[in-house]
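A structural walkthrough
What follows is the residue order along each chain.
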Amino acid sequence: MASAGSSSPFLDMSTGTSAGSPAPWQRAATGANLLSPNGDLGVTIFEEMTTLAMSTGSINLGQGFPDEDGPAEIKAAAQEAMASGANQYAPGKGVPALRDAIAAHQGRFYGLNPDPDTEVLVTTGATEAIAATLLALIQPGDEVLTFEPFYDSYGAIIGMAGAKHVTAPLLAPDFMPDLTALEDAFSSRTKVVLLNNPHNPTGAVFPELVLAKIVDLATKYQAIIVSDEVYEHLTFGVAHIPITSLPGAAERTITISSAGKTFSFTGWKIGWLTGPEHLVAAVRTVKQFLTYSSGTPFQSAIAVGLGLPDEFYTGIASTLRNKRDILAEGLRAAGFGVYNPSGTYFINVDTAPLGIRDSVDLARRLPGLVGVAAIPVPVFCHPEGAERTRSLLRFAFCKKTEVLEEAAGRLATLKDRL
Ligand SMILES: Cc1ncc(COP(=O)(O)O)c(C=O)c1O
């Protein structure tokens, strides 16, 4: 069942902006994280949980960032680039070596051949790629379709663009969409289908059947597919299929990725997108007025990273799979219902087996109870979806093994403290 955008359970417009009335983009926005559960503008649940984690000395499995740096040779390449004077504006499209490396990566892993000059654009993280793409492609009144739960920046940018956010639910236990509900969510006003695969927060990796259905529907309704694939290399025993590789998809698809997730350099904010020339040109036009360009020496370094041997890529997936299993075991021992993810570095649990209906309430109490912080899944939803996911909690497992083992040990004591 599709649900059109409306205010989130955490949006309390009566206590909205200091000026008294919310800005148009805040009114239109349907993302759940623009305001905190307390209605304070600008304090998201992520900040709230991080602050709580710090003040209680908790292990922070809320925000999704690795606690270890990526490969030394990538860091050395950045230092070398800085030392050799690569410190001024990069070209708006991105440093040529990085655009070449992105095109080569698409060929090596997926048999795709984007032209590095016209079909590749380097961005300030995937975040800017998402923002520039949506701002380039949608007009007020258009509909943008995403799965629900959805990554928090989607709702915010769709709202800023004045578009309507329509969602199709992903359903536990495997977080796949009901294909009839997906079809029902499309309309003649659907301008963009914003896909996230592998999917944050659920950890779902969508099979060809689901992707083919999206391509069919996008073609039928003449919608553009924007596919956020930042976790493309973080899958566990299932292949990641870029939707653009399916028949009929390439001409209408922009694919987004990021060095932050693959190489564990989230602070460098190097992202990129690939797609047909006319779509990339439209996004580039917007992007030049957002940041123009950024991170010159980091761009050169990520070009080196993308050329790392296959063992690097298989290694990050198997290391992460091991971490997933450590945390999953701890969560099971704690009494949660565990949904094992096929990709990303997030794991979702059901709090209901512990007799807890409300994951927002538990997320607030968990740091005090056992010294671990997590994010409630309803914050990634509109009200209807928040109700459906009310007892789900998301934990990040992109942390050192010993940190996860300590968290698992702490969580095992939860039942006795409730
Ligand atoms: C699905 C998804 N897209 C985009 C991003 C942002 O990527 P970046 O840090 O490269 O801007 C994230 C980060 O958590 C994410 O989970």
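The preceding data block contains the structure.
This report concerns the structure included in the present document. Here the structure is a predicted model, which means the values were calculated and not measured.

To continue, consider the nonpolar core. Formed by 90 residues in total, the largest nonpolar core has its most connected members in Phe263, Ile302, Phe336 and Phe395. Sort the elements by how many residues they give to this core and helix 12 (residues 310–333) lands first, with eight residues. For this core, the domains that each give at least three residues are domain 1 (24–67 + 312–417) and domain 2 (88–306).

It is worth spelling out helix 5 (residues 125–137) at this point. Its 13 residues give helix 5 an end-to-end C-alpha distance of 19 Å, which sits within 8% of 18 Å, the value for a rise of 1.5 Å per residue. Where burial is concerned, most of helix 5 is hidden: 10 out of the 13 residues are buried. For helix 5, the set of buried residues is Gly125, Ala126, Glu128, Ala129, Ile130, Ala131, Ala132, Thr133, Leu134 and Leu137.

Right, let's get into helix 15 (residues 401–411). Residues spaced three or four apart along an α-helix face the same direction, because each turn holds 3.6 residues. Looking only at helix 15, the buried set comprises Leu404, Ala407, Ala408 and Leu411. Down the axis of helix 15, the sector holding all buried residues measures 100°, keeping them to one side. Buried-residue contacts for helix 15 involve strand 2 (59–60), helix 12, helix 13 (359–370), strand 13 (372–373), strand 15 (392–396) and helix 16 (414–417).

Both the distance between ring centres and the angle between the ring planes are used here to describe each pair of aromatic rings. Here the structure, examined in full by the defined rule, presents 18 aromatic pairs. On the numbers, 5.4 Å between centres and 80° between planes, the contact of Tyr231 with Tyr345 is edge-to-face. Placement of the pair is Tyr231 in the loop between strand 8 (224–228) and strand 9 (253–258) and Tyr345 in the loop between strand 11 (337–339) and strand 12 (346–350), with a sequence separation of 114 residues. Tyr231 sits in the buried class, given a relative accessible area of 2%. Note on Tyr345: relative accessible area 2%, which makes it buried.

Strand order across the open sheet formed by four strands is 11-12-15-14, with antiparallel pairing between neighbours. The sheet is open, and its two edges are formed by strand 11 and strand 14 (375–376), each paired on a single side. Sheet analysis places strand 11 next to strand 12, joined by three bridges and oriented antiparallel. Note that in strand 12 the partner of Val338 across the bridge is Val349. Relative to strand 15, helix 13 is tilted by about 40°, and along the sheet it contacts strand 14 and strand 15.

Okay, the site of the ligand next. Around the ligand lies a shell of 13 residues, among which Thr127, Asp228, Tyr231, Ser258 and Lys269 are the nearest. Within the side chain of Asn200, one N or O atom sits 2.8 Å away from an oxygen atom of the ligand. Separating an oxygen atom of the ligand from a side-chain N or O atom of Tyr231 is a distance of 2.6 Å. Protein burial of the ligand: of its 400 Å² of free accessible surface, 93% is covered by the chains. With respect to the pocket detection grid, the ligand is positioned in the largest pocket. For the shell around the ligand, the leading source of residues is helix 5, giving four residues.

Quantified by volume, the largest pocket comes out at close to 850 Å³. Along the walls of the largest pocket sit 35 residues, with Thr127, Tyr151, Asp152, Lys261 and Lys269 positioned nearest its centre. Breaking the lining of the largest pocket down by element, the ones donating at least two residues are helix 2 (45–56), helix 5, helix 6 (152–160) and helix 9 (259–263). Three or more residues apiece are contributed to the lining of the largest pocket by two domains, here domain 1 (24–67 + 312–417) and domain 2 (88–306). Each pocket or cavity is described by its volume, and for the second largest pocket that value is around 280 Å³. Around the second largest pocket, the lining comprises 19 residues; the ones closest to its centre are Pro66, Ser264, Ile316, Leu320 and Lys323. Elements represented by at least two residues in the lining of the second largest pocket include exactly helix 9 and helix 12. Counted by class, the lining of the second largest pocket contains nine nonpolar, four polar and six charged residues.

Turning our attention to the side chain of His382. If you trace the backbone, His382 turns up in the loop between strand 14 and helix 14 (383–388). Residue classification places His382 among the buried positions, given a relative accessible area of 1%.

Procedures and definitions
Residues numbered from 1 in each chain as written. Predicted model: local features only at pLDDT ≥ 70, side-chain atom pairs only at ≥ 80, totals over all residues. Heavy atoms only, no water. Core = buried A, V, L, I, M, F, W, Y, C linked by side-chain atoms within 4.5 Å. Buried < 20%, exposed > 50% of the residue type's maximum accessible area, 1.4 Å probe, protein only. Helix = DSSP H or I, 4+ residues; strand = E, 2+ residues; numbered from the N terminus. Domains from an automatic or database assignment. Expected span 1.5 Å × (residues − 1). Arc of directions from axis to C-beta. Contact = heavy atoms within 4.5 Å. Phe/Tyr/Trp six-rings, centres within 6.5 Å; stacked < 30°, edge-to-face > 60°. Pairing = 2+ DSSP bridges. Axes fitted to C-alpha atoms, helices over the stretch in contact; angles between N-to-C directions. Near = heavy atom within 4 Å. Polar contact = N/O pair within 3.5 Å; in protein donor to acceptor, adjacent residues only side chain to side chain. Areas by Shrake-Rupley, 256 points an atom, 1.4 Å probe, with all protein chains shown as cover. 1 Å grid on protein atoms, 1.4 Å probe; cavity = no way out; pocket = protein on both sides within 12 Å on 5 of 7 lines; lining within 4 Å. Sits in = over half its atoms within 2 Å of the grid points. Points joined across faces, edges and corners; volume = space filled by probe spheres on them. Nonpolar A, V, L, I, M, F, W, Y, C, P; charged D, E, K, R; others polar.

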